[in-house]
There are 2 protein chains.
Amino acid sequence: MQIERQPVIILVRPQMGENIGAAARAMLNFGLTEMRIVDPRDGWPNPKAVAMASGAAGRVLDTARIYPTLAEAMEGIDYAYATTARGRELTKPVFTPATAMAQARAHQGRSAIIFGPERTGLENDDIARANAIVTVPVNPDFPSLNLAQAVLLMGYEYGRDILPPEPAPHLRRSEAESPADRIEIERLGDHYDEQLTQAGFFFPETKAASMRLNMRNMWSRLTLTKGDVRILHGVLRQLTRR
Amino acid sequence: MQIERQPVIILVRPQMGENIGAAARAMLNFGLTEMRIVDPRDGWPNPKAVAMASGAAGRVLDTARIYPTLAEAMEGIDYAYATTARGRELTKPVFTPATAMAQARAHQGRSAIIFGPERTGLENDDIARANAIVTVPVNPDFPSLNLAQAVLLMGYEYGRDILPPEPAPHLRRSEAESPADRIEIERLGDHYDEQLTQAGFFFPETKAASMRLNMRNMWSRLTLTKGDVRILHGVLRQLTRR
């Protein structure tokens, strides 16, 4: 992920230091490191923010830029998204995080995601300075995202298709983890067939042939590894030792 | 979103009531209401959880089901995802939340997402009971998701593309051909565990725990049908009858 193109996180008039620190931790989960703060209620630096951030997230706070107004905080920004949960009277495009972050990844320039004060959210005056609104699709009966959670979701969505791609289900496999081959499956089937015949499992005689066939088919159908086959041989040997 | 098919959120041995309450709030943002709790450290009900949940999320706690073990908490579950950040030695498919939740939306049956204790995460014994692992792709230099945030991301991802699931082109399967659910897998594992213990299979003592774990994980990993499970129970009964 190109550091210079990642979206800037802008917190507008945040109230509690703990929330600023939590937001720093939240964004860093997804490699976002650039925070700007507009007119924080309790000034700056804020020891409660530092205490909450801790570790590498403390550096996010150290390098955060502080501005008196949102207008000034927009320096170097080409495209800004205002996050808001409530409907607004302003005529403005509204996007989901998925769409907005896909756009942000594709933009040539620099994007910013703007978050409002914890209790009241962004004012119309703030939103008017953004290009578009982003609204996280939430349960209308219980919209309770806090500031750090909103930052988290935007960071997650931004990194969703660029952070380490889905790990392949099997990286370098051990021999035991590789699939059993047909001969191994055949021998497993033979072993169970012999021992279960002796144990009287295929009973009554009228059903014996189809029971054997079903069992043989089962071994083939299961995605047994070489390790599994060895375990299943061992199980049978142990149970038939007496 | 069909209420009866939404994934169940399972918290395994959660420690702090505040985190349980926060998890209830987090999931309800995305309309998830079914929580199960395994062996909560501080018992149940938990006033700190209630205080944190508040409002409608309090009802999530009221209807949460409490279980002594993860095995029992899997009742009615067909497919389970274990969330974990760390690599594991078990052979298990690993998915991103995006893929896992797309699967969960498409499943015919009921899915569960399993979260571990806050400090230590899930044990191998827990993970062995899931079908697959889900790992949130995070900054490897700063993975700091807390319990509620992990629940939030999974809930968000589940609801992310809310479209009516594609009706599966689905032949009417016989009951025997349908996948065994988690409880059936658990009981099969128990049966083999008991009988093989009596037969002295888990030997030497130093390897017994990992042999049991690997076998438990094997039953979870194989795509056993209900018919397969019955056959495997029958095989074991027949062999241990004398």
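Everything numeric in this text was worked out from a predicted model, so none of it was measured. (Residues numbered from 1 in each chain as written. Chains lettered and ligands numbered in written order. Predicted model: local features only at pLDDT ≥ 70, side-chain atom pairs only at ≥ 80, totals over all residues. Heavy atoms only, no water.)

Asks: Run through the overall build of chain A, naming residues and quoting values.
Replies: A count of helices and strands for chain A gives ten helices and seven strands. Against the 2.2 N^0.38 benchmark of 18 Å for 242 residues, chain A shows a C-alpha radius of gyration of 30 Å, more extended than a compact globule. By its C-alpha atoms, chain A is 85 × 40 × 35 Å across when sized along the principal axes. Sequence-distant contacts, at least 24 apart, represent 83% of the contacts inside chain A between residues at least 6 apart. Charge-centre separation for chain A: the mean point of 29 positive side chains lies 5 Å from the mean point of 28 negative side chains. (Helix = DSSP H or I, 4+ residues; strand = E, 2+ residues; numbered from the N terminus. Rg over C-alpha atoms; globule rule 2.2 N^0.38 Å. Contact = heavy atoms within 4.5 Å. Lys, Arg positive; Asp, Glu negative; His and termini not counted. Charge placed at Lys NZ, Arg CZ, Asp CG, Glu CD.)

Asks: Any details on the interface of chain B and chain A? Residues and values, ideally.
Replies: Contact with chain B, which involves 57 residues of that partner, is made by 56 residues of chain A. For the pair chain B and chain A, the number of links is three salt bridges. In this structure, A:Glu157 and B:Arg160 form a salt bridge, with 2.9 Å as the shortest nitrogen-oxygen distance. Inspection of the chain B/chain A interface yields 17 residue pairs in polar contact (both at pLDDT 80 or more). Among the elements that take part in the side of chain B that touches chain A, helix H10 (residues 226-239) of chain B stands out by supplying eight residues, more than any other. (Salt bridge = Lys/Arg side-chain N within 4 Å of Asp/Glu carboxyl O. Polar contact = N/O pair within 3.5 Å; in protein donor to acceptor, adjacent residues only side chain to side chain.)

Asks: Any chance you could break down the side chain of A:His233 for me, citing the residues and the numbers?
Replies: Residues and elements named next belong to chain A. Relative to the helices and strands, His233 resides in helix H10 (residues 226-239). What makes His233 buried here is its relative accessible area of 15%. Aside from chain neighbours lying at most four places away, what touches His233 is Arg187, Leu188 and His191. (Buried < 20%, exposed > 50% of the residue type's maximum accessible area, 1.4 Å probe, protein only.)

Asks: Talk me through helix H5 (residues 97-106) of chain B; I want residue IDs and the actual numbers.
Replies: Buried residues of H5(B): B:Pro97, B:Ala98, B:Ala100, B:Met101, B:Ala104 and B:Arg105, and no others. The buried residues of H5(B) occupy an angular sector of 165 degrees when projected down its axis, which confines them to one face. Buried residues in H5(B) make contact with helix H7 (147-159) of chain A together with strand S4 (79-83), strand S5 (94-95), strand S6 (111-115), strand S7 (132-134) and helix H7 (147-159) of chain B. (Arc of directions from axis to C-beta.)

Asks: Requested: an account of the nonpolar core, with residues and values cited.
Replies: Ranked by size, the top nonpolar core spans 78 residues in total, and within it A:Met35 and B:Met35 carry the most contacts. Filtering out sequence-adjacent residues up to four positions away, A:Met35 remains in contact with A:Ile9, A:Leu11, A:Ile20, A:Ala23, A:Ala24, A:Met27, A:Val60, A:Leu61, A:Thr63, A:Ala64 and A:Arg65. A:Leu222, B:Leu188, B:Met218 and B:Val235 belong to the second largest nonpolar core, which has 38 residues in total. (Core = buried A, V, L, I, M, F, W, Y, C linked by side-chain atoms within 4.5 Å.)

Asks: So, the sheet that holds strand S2 (residues 35-38) of chain B: which residues are in play, and what are the values?
Replies: Residue and element names in this part refer to chain B. Reading across the sheet, the seven strands line up as S3-S2-S1-S6-S4-S7-S5 and stay open at both edges, with parallel pairing between neighbours. Of all strands in the sheet, those with a lone pairing partner are strand S3 (65-67) and S5, marking the two edges. Packed on one face of the sheet, H5 meets S4, S5, S6 and S7 and runs near 160 degrees to S4. (Pairing = 2+ DSSP bridges. Axes fitted to C-alpha atoms, helices over the stretch in contact; angles between N-to-C directions.)

Asks: How would you summarise the packing of helix H8 (residues 182-198) of chain B against H10(B) if you had to cite specific residues and measurements?
Replies: Pairs of packed helices are described in terms of their axes, by the angle between the two and the distance that separates them. Residue and element names in this part refer to chain B. It is at 10 Å that the axes of H8 and H10 come closest, and there the two elements cross at 15 degrees. By the criterion of interaxial angle, the relationship of H8 to H10 is roughly parallel. Considering the relative orientation of H8 and H10, their crossing is left-handed. On H10, the residues touching Glu184, Ile185, Arg187, Leu188, His191, Tyr192 and Gln195 of H8 are Lys226, Val229, Leu232, His233, Val235, Leu236 and Arg237. Its residues placed into classes, the contact of H8 with H10 shows seven nonpolar, three polar and four charged. (Parallel < 35°, antiparallel > 145°, perpendicular 65-115°, else oblique. Left-handed = near helix turned anticlockwise from the far one by under 90°. Nonpolar A, V, L, I, M, F, W, Y, C, P; charged D, E, K, R; others polar.)

Asks: Report on unusual backbone geometry, specifying residues and quantitative values.
Replies: With an omega dihedral of 0 degrees, the bond running from A:Phe203 to A:Pro204 counts as a cis peptide bond. On the secondary structure map, A:Pro204 appears in the loop between helix H8 (182-198) and helix H9 (205-221). Of note, the bond from B:Trp44 into B:Pro45 is cis; its omega dihedral lies within 30 degrees of zero at -5 degrees. Note on placement: B:Pro45 falls in the loop between S2 and helix H2 (47-53). Positive phi is not limited to glycine here, since B:Arg13 has a value of about 45 degrees.

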